[in-house]
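Breakdown of the fold
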Amino acid sequence: MKKTIIASLLLAYMAGGALYVQAATADSNLAAEGSNTAPIMQNSQTPIAQDEAGAVFSVWLPELMQDFNALPEVLAQEAKRKQAKLMIKAADQAVYNPELGLNYQNASEDTYSLDISQTIDWGDKRGAATRKAQLEAEILLSDIALERSQMLANTLLALVEQSQASKALAFQKQQLASAKTQLKIAVQQMELGDLSAVELQLIQLDVASKAADYAVAEQASITADAGVLMLLGSSDLPFNGFLSALTTSLVSKQVDPQLPALKSAYQQVLLAKVVAQQVKADTSADPTISLSAEREGEENKLGLGLSIPLQIRNNYSDTLAVAGQEIAVAEQSYLARERVLTQQQKKFNLSLPRLTERYQEWRELVFHSGQEAALALGQQWKAGDINTSDYLQSQRQLSSSFLAGLSLETALYSSWLEWMGASGQLESFLNAQLPAGLSAAANTSTLSH
């Protein structure tokens, strides 16, 4: 019976092997045309096999990091780092310059005088300014490290979404091509009386549904390409994925205070304390000493002077109180940041293992049990035990399972990249994955203190 042609074709399409169907009718060439369609399971196994072989960072990561480091935003960060060094150098200069005075009086006896004075940095304004500039530079470097990790996380997530959208597009294209082949065979089977008009309409509806799915997948792929293009200036970048590298081993039970995301907040507390010291130094009474030489007529005079500001009308106590309150504000901000980061860490520790478990379960059911189910359903439909409607429904279920697996992969990447970007440790992780020579160069150019 010629229904066996369709059954064999669908069986090849669903079961994971490229079966070349040989029909015993005059329409065998048309039936064989559909046998070249790539099966669902074979298409979905490719990225999994790559991940099981290990994360091949060396294939795509060096080029990505090179393109990333050439972005104007990243070059601006390098300029900020140089600016911070200049700020430290400027702050370490002397606060007061000496003053030179000349005086002449025309009287019965002309008077000439020369004096030089120097204010002493008694309150250590220079030291306080230097310490402040150093802390501001460290904060800037921590913020840059955090910003770079977040930028890399967004970039990798865009590449992941592009890769997943490309897989979904290829899958939907394969689905549509196979459905069109099925329709051609079904039309001929109906002409021979081996297929009812209702079954033909069901297959026609299935083709229309596949065409709509393909159009939606095309739109999603275009959007994903545009996302990568906006970030890196090109949508054609090598990317193979790194699913096997997703791990919670980089996360401890306690939040590491050296994480860039938390280190910056802690340095803000230190900065607030240094600012309070600077305010105290700036409002301190710095003495001025002076040395003068004077000639009045035939008489030479030498003078030595000392002046000290008297803080009587304003002792700057309120100014010091404001600076002291800034310390309390910075400490509470640090605790708030620590709480948020701790919650993000708990969320990551909670979500990634569960997503991994669901992903492994999906692989087991789809790649093993799913293939067995497809074979059994094909045999039952071939024997006439189930009708065309039920068989097409089972086909849609297996297709839905494949797309659910892509969604799980994206969720795994998203969970991992969200934590690594938010904590600020993604860049150091990626640099460790680079080849030895490139890794050393990356560590040399990395914006770190």
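Just above, that's the structure.
Below or above, wherever it landed, is the structure these notes cover. (Residues numbered from 1 in each chain as written. Predicted model: local features only at pLDDT ≥ 70, side-chain atom pairs only at ≥ 80, totals over all residues. Heavy atoms only, no water.)

Attention shifts here to the sheet that holds strand β3 (residues 288-296). The pairing of strands in a sheet happens through backbone hydrogen bonds and is either parallel or antiparallel. Judged by pairing direction, the sheet is antiparallel, and its four strands sit side by side in the order β1-β2-β3-β4 without closing on themselves. Bordering the open sheet on either side are β1 (99-105) and β4 (299-307), each of which pairs with just one other strand. Averaged over all pairs of adjacent strands, the angle between strand axes in this sheet comes to 15 degrees, irrespective of strand direction. Two elements, strand β2 (residues 111-119) and β3, share nine bridges in a ladder whose sense is antiparallel. (Pairing = 2+ DSSP bridges. Helix = DSSP H or I, 4+ residues; strand = E, 2+ residues; numbered from the N terminus. Axes fitted to C-alpha atoms, helices over the stretch in contact; angles between N-to-C directions.)

Another aspect to go through is a nonpolar patch on the surface. Judged by side-chain polarity, L100, L102, L114, I116, L291, L302 and L304 come together as a nonpolar surface patch covering roughly 810 Å² of accessible area. Relative to the helices and strands, L302 resides in strand β4. The class for L302 is exposed, based on a relative accessible area of 71%. (Patch = residues over 30% accessible without salt bridge, like charges linked within 9 Å, V, L, I, M, F, W, Y side chains within 5 Å. Areas by Shrake-Rupley, 256 points an atom, 1.4 Å probe, with all protein chains shown as cover. Salt bridge = Lys/Arg side-chain N within 4 Å of Asp/Glu carboxyl O. Buried < 20%, exposed > 50% of the residue type's maximum accessible area, 1.4 Å probe, protein only.)

Checked against the element boundaries, S264 lands in helix α8 (residues 260-282). For S264, a relative accessible area of 7% translates into the label buried. A polar side-chain atom of S264 sits 2.6 Å from a polar atom in the side chain of D143. Once residues within four sequence positions are removed from consideration, S264 is found in contact with I139, S142 and D143. (Polar contact = N/O pair within 3.5 Å; in protein donor to acceptor, adjacent residues only side chain to side chain. Contact = heavy atoms within 4.5 Å.)

What follows is about the environment of E109. Within the secondary structure, E109 is located in the loop between β1 and β2. Residue E109 is classed as partly exposed on the basis of its relative accessible area of 43%. Beyond its immediate stretch of four places on either side in the chain, E109 contacts E296 and G297.

This part is about the pattern of salt bridges. Considering all chains together, one arrives at nine salt bridges under this definition. When the shortest N-O distance is used, the salt bridge between K347 and E418 registers 3.3 Å. A residue pair is termed long-range when its members are at least 10 positions apart, and K347 in helix α9 (residues 317-382) and E418 in helix α10 (residues 388-423) qualify at 71 residues. For R358, the salt bridge is made with E361, and the minimal N-O distance between the two is 3.1 Å.

With their axes 12 Å apart at the nearest point, helix α4 (residues 57-69) and helix α6 (residues 125-191) run at an angle of 125 degrees to one another. For the element pair α4 / α6, the angle class is oblique. Helix-helix and strand crossings are classified by hand; for α4 and α6 the assignment is right-handed. The residues of α6 that touch α4, namely those facing W60, L64, M65, F68 and N69, are R148, M151, L152, T155, L156 and L159. Considering only residue class, the contact of α4 with α6 consists of eight nonpolar, two polar and one charged. (Parallel < 35°, antiparallel > 145°, perpendicular 65-115°, else oblique. Left-handed = near helix turned anticlockwise from the far one by under 90°. Nonpolar A, V, L, I, M, F, W, Y, C, P; charged D, E, K, R; others polar.)

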